[in-house]
Amino acid sequence: RGLGDVYKRQIYGQGHKTVRVGIFNLGEFQSIDKHGHVWGYNIDYLNAIAVQAHYKIEYVDTGNLTNGVDMLDRREIDLLAPLQASEKYNGKFEFALQPMCYEYGAVYILNDKFDIDYEDYKSMSKLKYGAVKESGFSDDFINHYCVKADFKPNIKYYGNTTEMFDALNEGEIDAVVTNVMFYNSKFKLLAQFSPSQVFYATYKAVSYTHLTLPTIA
């Protein structure tokens, strides 16, 4: 078993301090398989830090980012990523001193549903999109990407990514506007836009997470 092959909620590492890390399925960045194993390069990275810093890590399945933010706010977890240092979090959370990587907005369709080329604006204008409420990606898609592409998208909003991807799989929508990190072999990328720095985040006054974490991508 590799570093990332640990059970969710199982404590990894040795030390006196336990850090509860919120995770959710996000492609190869971090995922939880059907057997409950967590894996991904974020998992490997944090496990390596746990060894060096003498922490224990408990991985907690938050289901999606929206739930993860709520759990962090309620202090049910100690660390969450990837999170943009948005103004809406000002005063709530502390962010690592350095960004962990860049993320992009993306438009995905299911591979077996449509035969559409990358940035085929004419075909994209006919699709029904799903997005998460209050998502910066959906705002950028509507106000910047679609304006440049000269079409007005038909978008249905969902409470979280779980609901959105369920709707995609059930055929309720044709495409999703989301984080590029969600990519897997089922999806075809139609567009990529709005690069943004993302960070590890914790709630206020957690001294052990005030680390200058190196970038991972």
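Since this is a predicted model, take the numbers as computed values, not measurements.

Focus on the confidence of the model for the protein chain
Then, in step 1: Per-residue confidence for the protein chain gives a mean pLDDT of 86, with 88% of residues at or over 70.
Then, in step 2: Confidence, expressed as mean pLDDT per element, reaches its minimum in the protein chain at strand E1 (residues 6-7) with 39 and its maximum at strand E11 (residues 154-158) with 97.
Then, in step 3: Contacts of residues 1-8 to residues separated by more than four positions or lying in other chains number 27 contacts, the stretch itself having pLDDT below 50.
Then, in step 4: Note that residues 208-212 has pLDDT below 50 and, in this model, 13 contacts with residues that lie over four places away or in other chains.

So, the pairing of strand E9 (residues 101-110)
Then, in step 1: Across the 10 residues that make up E9, a large majority, eight, are buried.
Then, in step 2: Pairing of E9 with strand E13 (residues 187-203), which is carried by nine bridges, proceeds in the antiparallel orientation. Its bridge partner being in E13, Tyr102 is matched across the sheet by Gln197.
Then, in step 3: Note that E9 and strand E12 (residues 175-179) share five bridges and pair antiparallel. For Ala106, the partnering residue across the bridge sits in E12 and is Thr178.

Observations regarding the pattern of salt bridges
Then, in step 1: Enumeration according to the criterion identifies five salt bridges in this entry.
Then, in step 2: Two residues, Arg74 and Glu76, come together in a salt bridge whose shortest N-O distance is 2.8 Å.
Then, in step 3: Where Lys204 meets Glu94, a salt bridge forms, and the shortest distance between an N and an O atom there is 3.5 Å. Taken together, the residues Lys204 in the segment after E13 and Glu94 in strand E8 (residues 93-95) connect sequence positions 110 residues apart.
Then, in step 4: By relative accessible area, which is 31% here, Lys204 ends up partly exposed.

Notes on the environment of Gly159
Then, in step 1: With respect to the secondary-structure elements, Gly159 resides in the loop between E11 and helix H5 (161-169).
Then, in step 2: For the pair Gly159 and Lys133, spaced 26 residues apart in sequence, the C-alpha to C-alpha distance is 5.9 Å.
Then, in step 3: Those residues in contact with Gly159, other than ones at most four positions away along the chain, are Thr66 and Val132.

Here's the deal with the pairing of E12
Then, in step 1: Across the five residues that make up E12, a large majority, five, are buried.
Then, in step 2: Examined bridge by bridge, strand E10 (residues 128-132) and E12 share two bridges and lie parallel to one another. If you follow Gly130 over to E12, its bridge partner there is Val176.

Observations concerning helix H2 (residues 65-73)
Three or four residues apart is the spacing at which side chains of an α-helix point the same way, because the helix has 3.6 residues per turn.
Then, in step 1: Taken residue by residue, H2 has Gly68, Val69, Met71 and Leu72 as its buried positions. Down the axis, H2 shows its buried residues gathered within 165° of arc, on one side only.
Then, in step 2: The opening residue of H2 is Asn64, an N-cap whose side-chain oxygen sits 3.2 Å from the backbone nitrogen of Thr66.
Then, in step 3: Downstream of H2 by one or two residues, Arg75 has phi in the positive range, about 65°.

Describing the nonpolar core
Then, in step 1: Core analysis: the biggest nonpolar cluster contains 49 residues, and Val21, Leu46, Tyr59 and Tyr200 have the highest contact counts within it.
Then, in step 2: At the level of elements, strand E3 (17-23), helix H1 (41-53), strand E6 (55-61), H2, strand E7 (79-83), E9, H5 and E13 are the ones that each hand at least two residues to this core.
Then, in step 3: Core analysis: the second largest hydrophobic core is formed by 19 residues, Val107, Ile109, Tyr145 and Leu190 among them.

Cut-offs and rules
- Residues numbered from 1 in each chain as written.
- Predicted model: local features only at pLDDT ≥ 70, side-chain atom pairs only at ≥ 80, totals over all residues.
- Heavy atoms only, no water.
- pLDDT = per-residue confidence, 0-100.
- Helix = DSSP H or I, 4+ residues; strand = E, 2+ residues; numbered from the N terminus.
- Contact = heavy atoms within 4.5 Å.
- Buried < 20%, exposed > 50% of the residue type's maximum accessible area, 1.4 Å probe, protein only.
- Pairing = 2+ DSSP bridges.
- Salt bridge = Lys/Arg side-chain N within 4 Å of Asp/Glu carboxyl O.
- Arc of directions from axis to C-beta.
- Polar contact = N/O pair within 3.5 Å; in protein donor to acceptor, adjacent residues only side chain to side chain.
- Core = buried A, V, L, I, M, F, W, Y, C linked by side-chain atoms within 4.5 Å.

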